[in-house]
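Observations on chain architecture
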Amino acid sequence: MTMPGQPAKQGPRSLDPHLRRYAARTAGMTASEIRALFAVASRPEVVSLAGGMPHLAALPLESLSEEIGQLVASEGLVALQYGSAHGVPLLREQICDVMALEGINGHPDDVVVTVGSQMGLDMVTRIFCDPGDVVIAEGPSYVGALGSFTAYQAQVVHVAMDADGLVPSLLREALEACKRAGQRVKFLYTIPNFHNPAGVTLAVSRRAEILEICRTYGVLVVEDNPYGLLGFDGQTYPALRSLDPDNVVYLGSFSKTFAAGLRVGWVLAPHAVREKLVLAAESATLCPPTLNQMIVSRYLSTQDWKGQIKTYREAYRERRDAAISALEQHMPQGSTWNIPDGGFYVWVTVPEGIDTKAMLPRAVTARVAYASGTGFYADGFGSRQLRISYCYPTPERIREGVRRLANVIEEEMQLAATFGATPGRQLSGPQTPSPDTA
């Protein structure tokens with residue numbers, strides 16, 4: 001008992017004096033364990049096959065700089081001022097034109113401009129998920145989405161994919177199991193085109209079936225589609241939103257088709273949901289940056305943006321080909337991978353006994369970096385998988401990076417043969433996203 005005038009007894013000292021003040025939901029906010037490694041991986045001597053950064057050298061930078069200068073000179077009083085949480089009206093109209101390429105008949109009033117599609121993910125989760133609710137997601141899934149779901153204390157139930165994307169029968173089984181367990185499933189989160197990280201595309205023949213399954217079980221669909229225009233053969237697929245406008249919330253972004261640093265994305269939602277999203281946006285950011293939105297709008301108005309997407313596709317196809325040929329040439333027996341038809345990523349499975357997360361520090365020492373598979377699951381799986389991003393390095397650097405990676409894997413196999421396989425480790429939850437895992 002402490003007597004009056006005596007100082008209170010101090011408990012064990014914590015490195016964080018605010019530890020007891022945090023909200024309970026912060027327990028699931030885990031910083032990426034590989035950030036320190038990627039500080040090293042960013043050095044020029046390291047080939048980074050980790051981050052999904054677009055190939056900005058393909059942009060017409062000189063022309064863009066002139067347009068941006070004219071924009072500030074002529075419309076600076078608007079561009080540098082506060083704006084609406086809904087987004088610049090002209091840009092919302094132009095976004096509808098972009099979505100029309102995938103069969104979406106959207107109305108500008110139902111578009112909410114966001115600070116990247118990550119903000120859209122966060123807002124959708126915020127307005128739909130209470131603690132303990134279930135989100136269905138493909139396994140593996142985008143690390144940024146898993147981080148948002150965990151931050152709002154939602155449970156993630158993974159459904160497996162095959163070469164044609166999400167498997168409808170397994171989705172039905174997962175929803176039925178949640179129903180029997182009395183769990184509330186709020187939505188299916190899916191990346192149907194050129195999946196991050198798996199690289200696969202949802203077969204057109206499965207799309208209507210998956211939408212029908214979700215309607216039957218009363219589950220919303222959240223369609224995340226940043227890569228849909230980046231098919232290497234120029235083909236676009238019908239968006240899920242185009243097939244079921246009333247039950248699909250669509251997330252889009254200019255980060256992959258224009259410039260990631262501008263952080264301009266959007267959500268197309270059913271009208272009532274749109275109202276909630278605008279309120280959520282106001283409380284989160286007040287308004288997205290008007291200047292950035294007007295830069296994107298000016299780009300869409302004055303530049304050959306469809307031709308630029310074609311240029312991107314050709315650059316990424318060349319890089320995909322370099323990655324696949326290097327994998328075929330160098331990877332040891334027992335390794336497998338997909339051949340993506342678009343997007344940024346190859347999903348690799350390494351031989352048994354190799355833990356890609358445990359191997360990562362040794363890979364960085366060997367001057368190559370990748371994203372280990374466990375970060376793309378909410379339940380700790382993925383220790384035999386890794387993601388290779390071919391979007392940013394030159395084809396020559398990609399081939400050299402894969403060669404280095406294959407050497408590291410072979411060394412790991414020799415260690416496993418001598419000392420036994422590394423035991424798989426379970427993660428406590430998904431990590432927060434970073435540019436290295438975008």
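Residues numbered from 1 in each chain as written. Predicted model: local features only at pLDDT ≥ 70, side-chain atom pairs only at ≥ 80, totals over all residues. Heavy atoms only, no water.

Per UniProt, the chain has the following entry under Cofactor (unreviewed entry): "pyridoxal 5'-phosphate". Recorded under Subunit (unreviewed entry), the UniProt text for the chain is reproduced unchanged: "Homodimer." (UniProt positions renumbered as here; feature names shortened; annotations may be inferred.)

1. Some details on the sheet that holds strand 7 (residues 220-224)
The strands making up a sheet associate through hydrogen bonds between their backbones, and the pairing can be parallel or antiparallel. Taken together, eight strands build an open sheet; the order of strands is 2-9-8-7-6-3-4-5 and the sheet is mixed. The open sheet terminates on both sides in strands that have one partner only, identified here as strand 2 (111-114) and strand 5 (165-166). Judged from the four bridges that link them, strand 6 (residues 185-190) and strand 7 form a sheet pairing that is parallel. Bridging across to strand 7, Y189 finds its partner in V222. Here helix 4 (residues 116-128) sits on the sheet in contact with strand 2, strand 6, strand 7, strand 8 (248-253) and strand 9 (265-268), set at roughly 155° to strand 8. (Pairing = 2+ DSSP bridges. Helix = DSSP H or I, 4+ residues; strand = E, 2+ residues; numbered from the N terminus. Contact = heavy atoms within 4.5 Å. Axes fitted to C-alpha atoms, helices over the stretch in contact; angles between N-to-C directions.)

2. A word on helix 14 (residues 395-419)
Note on helix geometry: an α-helix contains 3.6 residues per turn, so any two residues three or four positions apart are oriented the same way. The terminal C-alpha atoms of helix 14 lie 36 Å apart, and with 25 residues this matches the ideal 36 Å at 1.5 Å per residue to within 8%. Looking at helix 14, one finds that the buried residues are P395, I398, G401, V402, R404, L405, A406, V408, I409, E412 and A416. Contacts from the buried residues of helix 14 go to strand 1 (47-48), helix 12 (305-330), helix 13 (356-365), strand 12 (368-369) and strand 14 (385-389). (Expected span 1.5 Å × (residues − 1). Buried < 20%, exposed > 50% of the residue type's maximum accessible area, 1.4 Å probe, protein only.)

3. Section: the sheet that holds strand 14
Reading across the sheet, the four strands line up as 10-11-14-13 and stay open at both edges, with antiparallel pairing between neighbours. Two strands bound the open sheet, and with one partner strand each, they are strand 10 (336-337) and strand 13 (371-372). Across five bridges, the pairing between strand 11 (residues 345-349) and strand 14 is antiparallel. Pairing of V346 across the sheet is with I388, part of strand 14.

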